[in-house]
Amino acid sequence: MRALTNPLFYILVSVLTGLFACQQQPDDSVQNLDQIRPKSHTQTKKITTAKALDTLSSFLKTYANDSCSLKMAAVFLDSSQNKHFLNRFSKQHFHVLCHDSLKQLFGHQEWSFKDTNQAKEAFFNWLDQFKSKQPFKIGSTEKIFKDYTLIALAGNQIVQVSSPKKIKYEDWLRFWSGHYKNANFSYILWAQPKKNTKWYRFKNAQLLTL
């Protein structure tokens, strides 16, 4: 009987010790995952979301007041362009995807710079990054764009719109001209798939061959 009692006694002591230890957990122990999530991460998400909503809201108003009949029906942020080459030089930029009432999809991007000189320098550096057989400079006609693409250097802004389907680029130029009042459109690049790239200037609502 004594030989049987000793093991039971030790087992009972072990169980009671474990229960006592569980009841003595410190007050700062982790009760849920929210306690170990970085607070800064949550705050950053809120800020990013607010900026995204502001960007979309402003562009929906811009398109709604459009006198060029672009007929944009919806706008979405395009996160795939967050690492664009020009982003590193621009103090402010955005990338959106939008589609019109006929469901044609457009990629609309804009970059703002400190002044016109900085915008020009960024523009020329960007051209150097284009994947072409020869250095792609102002006036180059090489076919390097897979989509219909319109790019303009307008004052201290660089703007671009592209689409898999044909673009009415004259409408977009009028839209930009009204949006960037008094901006000098120094260079305009118009590219179509399988066709030579063309260069223009845009002044007084007229498209001039470069």
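Report follows, based on the coordinates.

Definitions and cut-offs
Residues numbered from 1 in each chain as written. Predicted model: local features only at pLDDT ≥ 70, side-chain atom pairs only at ≥ 80, totals over all residues. Heavy atoms only, no water. Helix = DSSP H or I, 4+ residues; strand = E, 2+ residues; numbered from the N terminus. Polar contact = N/O pair within 3.5 Å; in protein donor to acceptor, adjacent residues only side chain to side chain. Pairing = 2+ DSSP bridges. Axes fitted to C-alpha atoms, helices over the stretch in contact; angles between N-to-C directions. Contact = heavy atoms within 4.5 Å. Core = buried A, V, L, I, M, F, W, Y, C linked by side-chain atoms within 4.5 Å. Buried < 20%, exposed > 50% of the residue type's maximum accessible area, 1.4 Å probe, protein only. Salt bridge = Lys/Arg side-chain N within 4 Å of Asp/Glu carboxyl O.

**Side note on the environment of Asp100**
Then, in step 1: Looking at the element boundaries, Asp100 is found in strand S2 (residues 92–100).
Then, in step 2: Taking the C-alpha atoms as reference, Asp100 lies 4.0 Å from Met72; in sequence the two are 28 residues apart.
Then, in step 3: A polar atom in the side chain of Asp100 sits 3.0 Å from the backbone nitrogen of Leu102.
Then, in step 4: Here Gln104 takes part through its backbone nitrogen, which lies 2.9 Å from a polar atom of the side chain of Asp100.

**Overview of the sheet that holds strand S4 (residues 148–154)**
Then, in step 1: On the basis of which strands lie adjacent, the open sheet formed by eight strands has the order S1-S2-S3-S5-S4-S6-S7-S8 and antiparallel pairing. Of all the strands in the sheet, the pair left with one neighbour each is strand S1 (72–77) and strand S8 (206–209). The sheet shows a mean angle of 25 degrees between the axes of neighbouring strands, taken without regard to direction.
Then, in step 2: Sitting on the sheet, helix H3 (residues 116–129) is in contact with strand S3 (105–112), S4, strand S5 (157–163), strand S6 (185–191) and strand S7 (198–203), with an inclination near 40 degrees to S5.

**Considering the nonpolar core**
Then, in step 1: The biggest cluster of nonpolar side chains holds 25 residues, and the ones touching the most others in it are Leu150, Ile167, Trp172, Trp176 and Ile188.
Then, in step 2: Where this core is concerned, the elements lending two or more residues are S1, S2, S4, S5, helix H4 (169–179), S6 and S7.
Then, in step 3: The element best represented in this core is H4, accounting for five residues.
Then, in step 4: With near-sequence residues (within four places) excluded, Ile188 lies in contact with Leu150, Ile151, Ala152, Leu173, Lys198, Trp199, Tyr200, Arg201, Phe202 and Leu207.

**Looking at the pattern of salt bridges**
Then, in step 1: Per the stated rule, a full pass over the model turns up two salt bridges.
Then, in step 2: For Lys137, the salt bridge goes to Asp128, with nearest N and O atoms at 2.9 Å.
Then, in step 3: Owing to a relative accessible area of 44%, Lys137 belongs among the partly exposed residues under this scheme.
Then, in step 4: With a shortest N-O distance of 2.3 Å, Arg174 and Asp171 are connected by a salt bridge. Taken as a pair, Arg174 and Asp171 lie in helix H4 at a separation of three residues, close to a single helical turn.

**Structural notes on the side chain of Asn87**
Then, in step 1: Take Asn87: it is sitting in the loop between S1 and S2.
Then, in step 2: With a relative accessible area of 11%, Asn87 lands in the buried category.

As far as function goes, none of this settles anything; it's purely spatial.
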